[in-house]
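Below are the chains, spelled out letter by letter.
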Amino acid sequence: MQDLLALFPEEIGAIMREWGEPSFRAAQIFRHVTAGDRPSAMTTLPKALRTRIENEFSWRLPSVEEKLSSRIDGTVKYLFRLFDGECVESVLMRYHHGNTLCVSSQVGCRMGCRFCASTLGGRVRDLYASEILGQVIAATRESGERISHIVMMGIGEPLDNYDNVLRFLRLVNRPDGLSIGYRHISLSTCGLADGIRRLAEENLPITLSISLHAATDEKRSAIMPVNRRYPIAELMDACRAYYRATGRRISFEYTLIAGQNDSAEDAATLAALLRRTVGAEDAPIHVNLIRANRVEETGFSGTGVAEANAFAARLTSLGITATVRRRLGSDVNAACGQLRRSRQRREEAGQ
Ligand code: SAH
């Protein structure tokens, strides 16, 4: 059975033609799908057609399993239950420029970053395009608010689920659907250089965010196994290709881990790396510094606020623009992977 939430209006239209339905049905159905209506609730359609859609398509909108709202900043963390019982997380963040939803791309992750909660149990499976889109539809429906920005920074490595992620990006951008502009979408990757090159050719003006976290191969490989496959030089090459193809500013994420990558020397090495490589092409770049969230199992902890600000100041003085990210939703476990983890533990304990 085809998955209704993963179809473009044109694909729905082709099926409607086969069924002998008038051509305006596709737009009607796509609007209902976007609104999160299940087939039986697609009330602008004749009853017989609703029933046929119900019988011949699968409809899998994630359901809200848990919802935690931050009292500090209004951030909402959703734990979504998928059709097969697996769970993923999304986080709704409220900024002055609009609502941003951070979505997951896989159930678990196989990249093995040492500080990250999402990777602890490995990758269970990829999400379907419908399930990535479903997070946006379900969060919009549940919150009653328009989501204007998307970041692919939830559970999973988006470029390790390339085809589903690309279909999602094109679906969420549809002007006759959720209509979220590519310039309002960021995709974050731990550095799968082949995927970055492939993405560069798709001609989508989304923002690419690179999870760098260390400026030498030795340090990076120690915390991010992906670096052994795609070392820094190769990653930077791919970033340059991305910039050349899209003209888009590249953003680098740098998680500050106490005693690992947060010294004055680390800042200098990072600035030199970025100036030498991406910066040499005059590509506009930006560094986002994130104080690592503590994850029980990893043993790593975050750099303090004062030290993080000093690290940022040092980068800036070396010609690299950097900002220390505010922590949102710190009271709702908003760091990725943590809610799914605690749920798993509770389920294992039979609660
Ligand atoms: N796989 C993608 C996207 C998901 S992770 C990627 O690696 O970019 C989103 C961001 O959160 C990444 O920059 C990741 O390195 C970071 N991250 C993971 N665990 C973290 C932690 N404990 N504290 C702070 N940032 C973390």
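Chains are numbered independently. Their residues run from 1 in the order of the written sequence. pLDDT decides what is reported in this predicted model: residues at 70 or higher carry local features, side-chain atom pairs at 80 or more are listed and counted, and totals for whole chains, interfaces and linings draw on all residues regardless. Only hydrogens and water are removed before side-chain values are computed, so all heavy atoms of the structure are retained for them.

1. Considerations on the overall build of the protein chain
No. 1: The helix count covers DSSP runs of H or I at least four residues long, the strand count covers runs of E at least two residues long, and both are numbered beginning at the N terminus. Per the secondary structure count, the protein chain includes twelve helices and 14 strands.
No. 2: Taken over C-alpha atoms, the radius of gyration is set against a globule rule of 2.2 Å times the number of residues to the power 0.38. By the compact-globule yardstick of 20 Å for 351 residues, the protein chain fits well, its C-alpha radius of gyration being 21 Å.
No. 3: Buried means the residue's accessible area, taken with a 1.4 Å probe over protein chains only, is under 20% of the maximum for its type, while exposed means over 50%, and partly exposed covers the values in between. When burial is assessed residue by residue, the protein chain has 56% of its 351 residues classed as buried.
No. 4: Whether two residues are in contact is decided by their heavy atoms, any of which lying within 4.5 Å being enough. Once local pairs closer than 6 in sequence are excluded, the contacts in the protein chain between residues at least 24 apart make up 67%.

2. Points about the packing of aromatic side chains
No. 1: Only Phe, Tyr and Trp rings take part, Trp by its six-membered ring, and two of them pair if their centres are within 6.5 Å. Stacked means planes under 30 degrees apart, edge-to-face means over 60, and tilted covers everything else. A complete count under the given rule lists four aromatic pairs for this structure.
No. 2: In this scheme, Lys NZ or Arg CZ marks a charge over a ring once it lies within 6 Å of the ring centre and within 35 degrees of the ring normal. Residue placement shows Arg 52 over the ring face of Trp 19; its charged tip is 3.9 Å from the ring centre.
No. 3: One cation-aromatic arrangement involves Arg 60 over Phe 83; the distance from NZ or CZ to the ring centre is 3.6 Å.

3. Examining the nonpolar core
No. 1: Buried residues of nine kinds, namely Ala, Val, Leu, Ile, Met, Phe, Trp, Tyr and Cys, make up a nonpolar core once their side-chain atoms join them within 4.5 Å. In terms of nonpolar packing, the biggest core is built from 103 residues, with Leu 4, Val 136, Ile 150, Leu 169, Phe 252 and Leu 315 touching the most fellow members.
No. 2: Those residues in contact with Val 136 that lie beyond four places of it in its chain are Leu 101, Val 103, Ile 147, Ile 150, Phe 168, Val 172, Leu 178 and Ile 180.
No. 3: Core analysis: the next-biggest nonpolar cluster, separate from the first, contains five residues, Val 91, Met 93, Cys 102 and Leu 328 among them.

4. Here we look at the site of the ligand
No. 1: Close to the ligand lie 17 residues; Gly 156, Ser 188, Ser 211, His 213 and Asn 293 are nearest.
No. 2: Contact between the ligand and Ser 188: an oxygen atom at 2.6 Å from a side-chain N or O atom of the residue.
No. 3: Between N or O atoms, a polar contact is any pair within 3.5 Å; within protein, one atom must be a potential hydrogen donor and the other a potential acceptor, and residues adjacent in sequence are included only when both atoms are from side chains. Backbone polar atom of Asn 293 to a nitrogen atom of the ligand: 2.8 Å apart, as the coordinates give it.
No. 4: Residue assignment for the shell around the ligand shows that the elements contributing at least two residues are strand E10 (185–189) and strand E12 (250–256). Distances are taken per atom, and a residue is near a molecule or strand as soon as one of its heavy atoms is within 4 Å of it.

5. Some points on the pattern of salt bridges
No. 1: For this analysis, a salt bridge means a side-chain nitrogen from Lys or Arg found within 4 Å of a carboxyl oxygen belonging to Asp or Glu. According to the stated counting rule, one finds 20 salt bridges in the structure shown.
No. 2: The salt bridge involving Arg 170 is made with Glu 202; its shortest N-O contact spans 3.1 Å. Of this pair, Arg 170 sits in helix H5 (residues 162–173) while Glu 202 sits in the loop between helix H6 (193–200) and strand E11 (207–211), placing them 32 residues apart in sequence.
No. 3: Residue Glu 202 is classed as partly exposed on the basis of its relative accessible area of 23%.
No. 4: Here the salt bridges do not stand alone but share partners, grouping Arg 110, Arg 123, Asp 126 and Asp 160 into one network.

6. Quick notes on unusual backbone geometry
No. 1: At Ser 179, a residue that is not glycine, the phi angle is positive and equals roughly 60 degrees.
No. 2: Tracing the backbone through its elements, the reader meets Ser 179 in the loop between H5 and E10.
No. 3: Classification of Ser 179 by relative accessible area gives partly exposed; the value is 32%.
No. 4: Here the phi dihedral of His 213 falls at roughly 65 degrees; this positive angle occurs in a residue that is not glycine.
No. 5: If you trace the backbone, His 213 turns up in the loop between E11 and helix H7 (217–223).
No. 6: The exposure class of His 213 is buried, given its relative accessible area of 5%.

7. Remarks on the pairing of E12
No. 1: Buried residues dominate E12, accounting for seven of its seven residues.
No. 2: A pair of strands is considered paired only if DSSP assigns at least 2 bridges between the two. Across four bridges, the pairing between E11 and E12 is parallel. Each bridged residue has a counterpart across the sheet, and for Ser 211 the counterpart in E12 is Glu 253.
No. 3: Strand direction decides the pairing type here: E12 and strand E13 (residues 285–291), joined by seven bridges, are parallel.

8. Brief notes about the environment of Asp 163
No. 1: Here Asp 163 shows up in helix H5.
No. 2: Separated by 144 residues in the primary sequence, Asp 163 and Glu 307 have C-alpha atoms spaced 40 Å apart.
No. 3: Here Arg 198 takes part through its side chain, which lies 3.1 Å from a polar atom of the side chain of Asp 163.

9. Let's talk about the packing of H5 against H6
No. 1: Contact geometry of H5 with H6 gives a least axis separation of 12 Å together with a crossing angle of 35 degrees. Of the two possible hands of crossing, H5 and H6 adopt the one that is right-handed. Where H5 abuts H6, its residues Tyr 162, Asp 163 and Leu 166 lie against Gly 195, Arg 198 and Leu 199.
No. 2: Polar here means any residue outside two lists: the nonpolar Ala, Val, Leu, Ile, Met, Phe, Trp, Tyr, Cys and Pro, and the charged Asp, Glu, Lys and Arg; Gly therefore counts as polar. When its residues are assigned to classes, the contact of H5 with H6 shows three nonpolar, one polar and two charged. Between the N-to-C directions of two axes lies an angle of 0 to 180 degrees, each axis being a line fitted to C-alpha atoms and, for a helix, fitted only over the stretch in contact. For any pair of crossing helices, the crossing counts as left-handed if the nearer helix is rotated counterclockwise from the farther one by less than a right angle, and right-handed if it is rotated clockwise.

10. Concerning the sheet that holds E11
No. 1: Taken together, ten strands build an open sheet; the order of strands is E3-E4-E5-E6-E9-E10-E11-E12-E13-E14 and the sheet is mixed. At either margin of the open sheet sits one strand with a lone partner, and together these are strand E3 (63–69) and strand E14 (322–324). Here the average twist between neighbouring strands, direction ignored, is 20 degrees.

11. Things to note about helix H2 (residues 25–35)
Three or four residues apart is the spacing at which side chains of an α-helix point the same way, because the helix has 3.6 residues per turn.
No. 1: The buried fraction of H2 amounts to eight of the eleven residues, a majority that puts the element mostly inside the structure.
No. 2: Those residues of H2 lying buried are Arg 25, Ala 26, Gln 28, Ile 29, Phe 30, His 32, Val 33 and Thr 34.
No. 3: Turning to H2, the residues buried within the fold contact helix H1 (9–18), helix H3 (47–56), helix H4 (129–143) and H5.
No. 4: Just past H2, the residue Gly 36 takes up positive phi, approximately 85 degrees.

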